[in-house]
Amino acid sequence: MLLASAAPAAAQGRLEAKYEASLAGIPVGRGGWSIDISDDSYSAAAQGGTSGLLKAFAGGTGTGSSAGRVVAGTLVPSTYTATTTSSKKSEVIRMVLAAGYVKEFTIEPEPPVDSDRLVITDAHRRNVLDPMTGSLLRVAGTGEVLAADSCRVGTSIFDGRMRYDLKLDYKRMETVRAEKGYRGPAIVCALYFTPVAGYIPDRAAIKYLAAQRNIEVWFAPIAGTRVLVPFKVTVPTPLGTAALEAVEFVTTAVPPRTAAKTN
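Predicted model only: the values in this text are computed from it and were never measured. (Residues numbered from 1 in each chain as written. Predicted model: local features only at pLDDT ≥ 70, side-chain atom pairs only at ≥ 80, totals over all residues. Heavy atoms only, no water.)

(A) Focus on the overall build of the protein. In terms of helices and strands, the protein carries 3 helices and 15 strands. Expressed as a percentage of the 263 residues in the protein, the buried residues total 41%. For the protein, the computed accessible surface area is about 13400 Å², with 56% contributed by carbon and sulfur atoms. (Helix = DSSP H or I, 4+ residues; strand = E, 2+ residues; numbered from the N terminus. Buried < 20%, exposed > 50% of the residue type's maximum accessible area, 1.4 Å probe, protein only. Areas by Shrake-Rupley, 256 points an atom, 1.4 Å probe, with all protein chains shown as cover.)

Here's what the structure looks like:
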């Protein structure tokens, strides 16, 4: 899911979060997300799987990871890996990036060629982020991070198969309360999805997402940084609202390396 923007270098911080997914109020999955941001690098790792009734019909698990450098306050990804496993198949996507350019990407096993899929060109692999880095909203400047302007940004994502654009816009402020960890304000942004290449235009799911105007992402801060992370995501579907919400959201500010030294 969203968006890294330029910002001055900030302090360091960590996040350990656990999420639950639901559809029309019925639990369908759970997962975790760990993020570590230092003065010159960052890493993020996530894992999740289906649960409840959905697991009985379509069990599956997935993991993802991204790592890169922090350059003048900007998150610059260098590697991305995503693995999905179900009863029918397993798939691994790997990418190597440099300065916003996808130098290499592979999908194992290699998917069959589909003539209906819009071709990915070299231009589509430039000035992009991987999906996990794109989920981190880096707020520029030195002012309040939970401000309306923090939502008014957009980015380009390449996930190893598809290139798409995400745009945010400010909606409102809310207060969130995790069962463990963060309790406080969150900024709610509207999310708009625009497919660009690497997809099949006639796919119903792509058309549905591109037409949506009611997707919301609720962002909360990582302590000690200018990075906001999704606390909650809601997507209207024909079967009811799909939601992903943090039940644990534990953030810790980490002193900069120079400040950690003692005599």
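Text resumes after the structure shown.
(B) A look at the state of the cysteines. Scanning the entire structure with this criterion turns up 1 disulfide. A sulfur-sulfur separation of 1.8 Å characterises the disulfide bridge that pairs C151 with C189. One disulfide, between C151 and C189, carries an S-S torsion of -70 degrees and so falls in the left-handed class. Taken together, the residues span a long stretch of sequence, with C151 in the loop between β8 (137-138) and β9 (154-158) and C189 in strand β12 (residues 183-197) at a distance of 38 residues. Judged by its relative accessible area of 0%, C151 is buried. On the basis of relative accessibility, which here comes to 0%, the residue C189 falls in the buried class. (Disulfide = S-S within 2.5 Å.)

(C) Highlighting the layout of surface pockets. Its volume calculated, the second largest pocket comes out at about 580 Å³. Taken together, 22 residues make up the lining of the second largest pocket; nearest its centre are I107, P111, P112, R117 and R161. Of all the elements in the fold, those that place two or more residues in the lining of the second largest pocket are β6 (90-98) and β7 (101-108). Here the element with the most residues in the lining of the second largest pocket is β7; it accounts for 3 residues. Residue composition of the lining of the second largest pocket, by class: 9 nonpolar, 5 polar and 8 charged. (1 Å grid on protein atoms, 1.4 Å probe; cavity = no way out; pocket = protein on both sides within 12 Å on 5 of 7 lines; lining within 4 Å. Points joined across faces, edges and corners; volume = space filled by probe spheres on them. Nonpolar A, V, L, I, M, F, W, Y, C, P; charged D, E, K, R; others polar.)

(D) Representation of the side chain of R163 in the model. Within the secondary structure, R163 sits in strand β10 (residues 163-177). Here H124 takes part through its backbone oxygen, which lies 3.4 Å from a polar atom of the side chain of R163. Beyond its immediate stretch of four places on either side in the chain, R163 contacts I120, H124, V128, S156, I157, F158, P195, V196 and A197. (Polar contact = N/O pair within 3.5 Å; in protein donor to acceptor, adjacent residues only side chain to side chain. Contact = heavy atoms within 4.5 Å.)

(E) Inspection of the pairing of β10 at higher detail. As paired elements, β9 and β10 share 5 bridges and run antiparallel to each other. Bridging across to β10, G154 finds its partner in K167. Counting the residues between successive antiparallel strands, the hairpin from β9 to β10 contains 4 residues, one of them, G160, with a positive phi of roughly 95 degrees. Sheet analysis places β10 next to β12, joined by 14 bridges and oriented antiparallel. Paired with Y170 across the bridge in β12 is C189. (Pairing = 2+ DSSP bridges.)

(F) Up close: unusual backbone geometry. Between E108 and the following residue, P109, the backbone shows a cis peptide bond with an omega angle of -5 degrees. In this fold, P109 is placed in the loop between β7 and β8. Look at A24: it is not a glycine, yet its phi comes out positive at around 55 degrees. Along the chain, A24 turns up in the loop between β1 (12-23) and β2 (26-37). Overall, the relative accessible area of 47% leaves A24 in the partly exposed class. The phi dihedral of A72 is positive, around 50 degrees, even though this residue is not glycine. With respect to the helices and strands, the residue A72 is situated in the loop between β4 (60-71) and β5 (74-86).

(G) Broad picture of the packing of aromatic side chains. Scanning the model with the defined rule gives 5 aromatic pairs in all. Between the aromatic rings of Y164 and F193, the centroid separation amounts to 5.4 Å while the plane-to-plane angle is 50 degrees, which identifies the pairing as tilted. Of this pair, Y164 sits in strand β10 while F193 sits in strand β12, and the two are 29 residues apart along the sequence. Taken as a pair, Y164 and F193 share a single burial class, namely buried. The rings of Y182, F231 and F249 are connected pair by pair, giving a single aromatic cluster. The side chain of R126 reaches across the aromatic face of Y101, ending 4.3 Å from its centre. Directly above the aromatic system of W218 lies the positively charged group of K232, at a separation of 4.4 Å from the ring centroid. (Phe/Tyr/Trp six-rings, centres within 6.5 Å; stacked < 30°, edge-to-face > 60°. Lys NZ or Arg CZ within 6 Å of the ring centre and 35° of its normal.)

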